[in-house]
Amino acid sequence: CDLRRKLVIVFPAGDSWGIFAFLCAALWNLPAIPALNSTDEVGAGQSIQKTYDLTRYLEHQLRTLASTYLNYLGPPFNEPDFNPPRMTRAEMVPSATVDFELWRSLNDNARLAANYRAYTHLLCYLRSMDGQVAKAELRKNLGHFCTSLQGLVVSIASVMSSLGYPLPSPLGSASPTWAQGPGATSPHNDFLKKMDDFWLLKELQTWLWRSAKDFNRLKKKVPPAALMLRLEMRGF
């Protein structure tokens, strides 16, 4: 009521421009209002959710693929109790065997970088398997899985970018060093190659299981897109 009386007193009836100018001046002198900027968070939230969904999908896909591939390798690789020690060649496959507490103590950037490097490296090994499989149907399934895994690498890169993290440098040469030259197809080297394949699948299963947990925790840190309204405080 007081404000209305003031307007009537200050501005004659019909002086709409005066009223408009007064309101503009009043709004201009109001305290700064926090701006709502959700663009980055919406992108991050969507990327994290997509990456989490993809890891779960790949987990499910790999269970079937691993069973089929180990049957293709034959005994002892397809035996449930087969758990050989890691050999020198197999040590080149990125291992997910990291102390749980140590892994949890890493910051988000470090874990994302480790995931990115590992899957980039594992993908190269998996593609080498794809080119050496004799059965057409299994080769097709491997190719499909490689495409999905490539999508996961791209998705992790998208998450890192949306959170403002730089992509990590590669681990180095990711090309598998299979035995070449005379004797490369000997029974001994064939067994070593199968051992590499066995460990690749085993490590992939562990990486995907742990990555799903990582992205599930990460998406809880970044609220769903509908709630992502970051307050950029100005003047406070």
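Residues numbered from 1 in each chain as written. Predicted model: local features only at pLDDT ≥ 70, side-chain atom pairs only at ≥ 80, totals over all residues. Heavy atoms only, no water.

Within an unreviewed UniProt entry, the label attached to the protein reads Cardiotrophin-like cytokine factor 1, and the organism entered is Chelonoidis abingdonii. Under the heading Sequence similarities (unreviewed entry), UniProt records this for the protein: "Belongs to the IL-6 superfamily." (UniProt positions renumbered as here; feature names shortened; annotations may be inferred.)

Tracing the backbone shows Ala113 in helix 5 (residues 108-130). The buried category is assigned to Ala113, whose relative accessible area is 10%. The spatial distance from the C-alpha of Ala113 to the C-alpha of Ser169 is 8.8 Å, given a sequence separation of 56 residues. (Helix = DSSP H or I, 4+ residues; strand = E, 2+ residues; numbered from the N terminus. Buried < 20%, exposed > 50% of the residue type's maximum accessible area, 1.4 Å probe, protein only.)

The next point concerns the state of the cysteines. Scanning all chains against the criterion turns up zero disulfides. We note that Cys124 lacks a disulfide partner, and the nearest cysteine sulfur, in Cys146, lies 9.7 Å from it. (Disulfide = S-S within 2.5 Å.)

Bringing empty space enclosed by the protein into the picture now. Taken as a whole, this structure holds two cavities of 30 Å³ or more when the rule is applied. Taken as a whole, the largest cavity spans an internal volume of roughly 80 Å³. In terms of lining residues, the largest cavity is bounded by Asp108, Arg111, Leu112, Asn115, Asp214, Phe215, Arg217, Leu218 and Lys221. Put simply, the parts of the chain that give the lining of the largest cavity at least two residues each are helix 5 and helix 7 (187-221). The element best represented in the lining of the largest cavity is helix 7, accounting for five residues. The class makeup of the residues in the lining of the largest cavity is three nonpolar, one polar and five charged. Size it by volume and the second largest cavity reaches roughly 30 Å³. Around the second largest cavity, the lining residues are Phe100, Trp103, Trp209, Arg210, Lys213, Asp214 and Arg217. Breaking the lining of the second largest cavity down by element, the ones donating at least two residues are helix 4 (100-105) and helix 7. At five residues, helix 7 tops the list of elements feeding residues into the lining of the second largest cavity. (1 Å grid on protein atoms, 1.4 Å probe; cavity = no way out; pocket = protein on both sides within 12 Å on 5 of 7 lines; lining within 4 Å. Points joined across faces, edges and corners; volume = space filled by probe spheres on them. Nonpolar A, V, L, I, M, F, W, Y, C, P; charged D, E, K, R; others polar.)

A separate point is the side chain of Ser155. Within the element layout of this structure, Ser155 appears in helix 6 (residues 136-162). Discounting chain neighbours no more than four positions away, the residues touching Ser155 are Ser47, Lys50, Thr51 and Leu54. (Contact = heavy atoms within 4.5 Å.)

Another point: the packing of aromatic side chains. Applying the stated rule across the entire model yields eight aromatic pairs. Consider the rings of Phe77 and Phe191, whose centres lie 5.4 Å apart with planes at 45°: the pair is tilted. Of this pair, Phe77 sits in the loop between helix 3 (39-73) and helix 4 while Phe191 sits in helix 7, and the two are 114 residues apart along the sequence. A relative accessible area of 34% places Phe191 in the partly exposed class. Three or more aromatic residues joined by ring pairs form one cluster here, namely Phe77, Phe82, Phe191, Phe198 and Trp199. Residue placement shows Arg210 over the ring face of Trp103; its charged tip is 3.8 Å from the ring centre. The ring of Trp207 is capped by Arg210, whose NZ or CZ atom sits 4.5 Å from the centre of that ring. (Phe/Tyr/Trp six-rings, centres within 6.5 Å; stacked < 30°, edge-to-face > 60°. Lys NZ or Arg CZ within 6 Å of the ring centre and 35° of its normal.)

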